[in-house]
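Structural features, examined
The lines below spell out each chain.
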Amino acid sequence: MATSERMAAGTSQWVVRQRPAAQAALRLFCLPYAGGGAYIYRDWAEHLPAKVEVCPIQLPGRGNRLREAPATRMAPLVEAIAGAITPLLDKPFAIFGHSMGALIGFELARFLGREHGKVPSHLFVSGRSAPQVPDADKRTYDLPEPEFIEELRRLNGTPQEVLDHPELMQMMIPILRADFETIQTYEYQAGRPLDCPISAMGGIQDPDVTRQDLEAWREETSGPFTLRMFPGGHFLINTARPMLLQAITKELHQSGVLS
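Residues numbered from 1 in each chain as written. Predicted model: local features only at pLDDT ≥ 70, side-chain atom pairs only at ≥ 80, totals over all residues. Heavy atoms only, no water.

1. Looking at the packing of aromatic side chains
What characterises a pair of aromatic rings is the spacing of the ring centres plus the angle enclosed by the ring planes. Condition: When two rings of Phe, Tyr or Trp (its six-membered ring) have centres within 6.5 Å they constitute a pair, described as stacked for plane angles under 30 degrees, edge-to-face for angles over 60, and tilted for the intermediate range. In this text, helices come from DSSP runs of H or I with a minimum length of four residues, and strands from runs of E with a minimum of two, each type numbered from the N-terminal end. Think of it in three bands: residues with accessible area under 20% of the maximum for their type are buried, residues over 50% are exposed, and the middle band is partly exposed, with areas taken using a 1.4 Å probe on protein chains only. Working rule: Lys NZ or Arg CZ, within 6 Å of ring centre, within 35 degrees of ring normal, means a charge sits over the ring.
Applying the stated criterion to the full structure yields seven aromatic pairs. Ring centres of Phe148 and Phe180 lie 5.5 Å apart, and the angle between their planes is 55°; this geometry places the pair in the tilted category. Here Phe180 lies in helix α6 (residues 166-184) and Phe148 lies in helix α4 (residues 145-155), a separation of 32 residues in the sequence. Looking at Phe180, the relative accessible area reads 8%, which means it is buried. One aromatic cluster in this structure is built from Tyr41, Trp44 and Phe96. Above the face of the Trp14 ring, Arg65 is positioned so that its terminal group lies 4.0 Å from the ring centre. Sitting over the ring of Phe148, Arg177 keeps its end group 4.5 Å from the ring centre.

2. Looking at the pairing of strand β2 (residues 52-56)
What counts here: Any two strands are treated as partners once DSSP identifies two or more bridges connecting them.
Among the five residues that make up β2, five are buried, leaving the element largely enclosed by the rest of the structure. Alternating positions in β2 separate into two faces, Val52, Val54 and Pro56 on one and Glu53 and Cys55 on the other, with burial throughout. Judged from the five bridges that link them, strand β1 (residues 26-31) and β2 form a sheet pairing that is parallel. Each bridged residue has a counterpart across the sheet, and for Leu28 the counterpart in β2 is Val54.

3. Considerations on the sheet that holds strand β6 (residues 225-230)
This is how it is decided: Whenever a helix is involved, its axis is fitted only over the stretch in contact; in every case the axis is a line through C-alpha atoms, and angles between N-to-C directions fall within 0 to 180 degrees. Only heavy atoms matter for contacts: two residues are in contact if any of them lie within 4.5 Å across the pair.
Spatially, the six strands line up as an open sheet ordered β2-β1-β3-β4-β5-β6, and their pairing is parallel. Both outer strands of the open sheet, β2 and β6, are each paired with one neighbouring strand and no more. Adjacent strand axes in the sheet meet at a mean angle of 15°, parallel and antiparallel pairs treated alike. Across five bridges, the pairing between strand β3 (residues 93-98) and strand β4 (residues 122-126) is parallel. Looking at the pairing, Phe96 lines up with Phe124 of β4. Each of β1, β3 and β4 is contacted by helix α3 (residues 100-116), which is oriented at about 150° to β3, the strand it contacts most.

4. Examining the nonpolar core
The condition is simple: Residues belong to one nonpolar core when they are buried, are Ala, Val, Leu, Ile, Met, Phe, Trp, Tyr or Cys, and are joined through side-chain atoms within 4.5 Å.
Judged by nonpolar contacts, the single largest core of 54 residues is most densely connected at Ile57, Ile81, Ile85, Ile104, Leu108 and Trp217. Looking at this core, the element that brings in the most residues is α3, giving nine residues. Dropping the residues within four chain positions of it, Ile81 is found in contact with Trp14, Leu31, Ile57, Leu59, Ile104 and Leu108. In this structure, Tyr33, Leu48, Phe230 and Val257 belong to the second largest nonpolar core, which totals 27 residues.

5. A closer look at the pattern of salt bridges
Note the following rule: Any Lys or Arg side-chain nitrogen found within 4 Å of a carboxyl oxygen on Asp or Glu counts as a salt bridge.
Counted according to the given criterion, the structure contains 13 salt bridges. Between Arg62 and Asp179 there is a salt bridge, and its shortest N-O distance comes to 2.9 Å. One end of the pair, Arg62, is in the loop between β2 and α2 (74-85); the other, Asp179, is in helix α6, and 117 residues separate them in sequence. Of the residues examined, Arg62 reaches a relative accessible area of 5% and is grouped as buried.

Written out as structure tokens, the structure is:
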């Protein structure tokens, strides 16, 4: 297989493109929260401008990659994503990530700028404290299973029908443990602020991510910064989706990416 064919195969494995758009002005790479997959963004293309090609990232261990071992460390995961999306960086691009995805998106933006000279037109971070904010949460990824499940209940991000379904939980627990390990072993390294605008988004009722935690993202860009708070808790990506998508559209227009 030629190098270009191998790259294309790797890209299709990582990027689930529901509506490839040759005439799109911008590609929006979307990264999931812990335990989530590309399906989170399955209907975004229907609610964003046609000039935006939505490109959800499928992490190992879920969806069409269920048989692969999920990642447990941030740096190799980011490098792998960067390698996979390189063929799609031939036009302007933006990055959106919620919770764990926001952290991955931030490190991905830094890696692409540092290693490939590619800077996103915009970075959207949702439901996640700025990376330099000290994380007061205890290590939970290696808790005994009953305690781990109780932690999932406390976080209120896993549907009740999944929590009450032993077979589904046996499928989900390894993925969630790996994702939590990726987050909880991450060590922030101070660096040059990004050159792109950053938009931070949060839920007004989110008990774990405060407005102050989101405001700290301002330090990570030398460009414009906006902060928007939405009704609801941590999973505003679901509960406030129409307003969130309207905000993304507005920000992309204001930054001049979409005319």
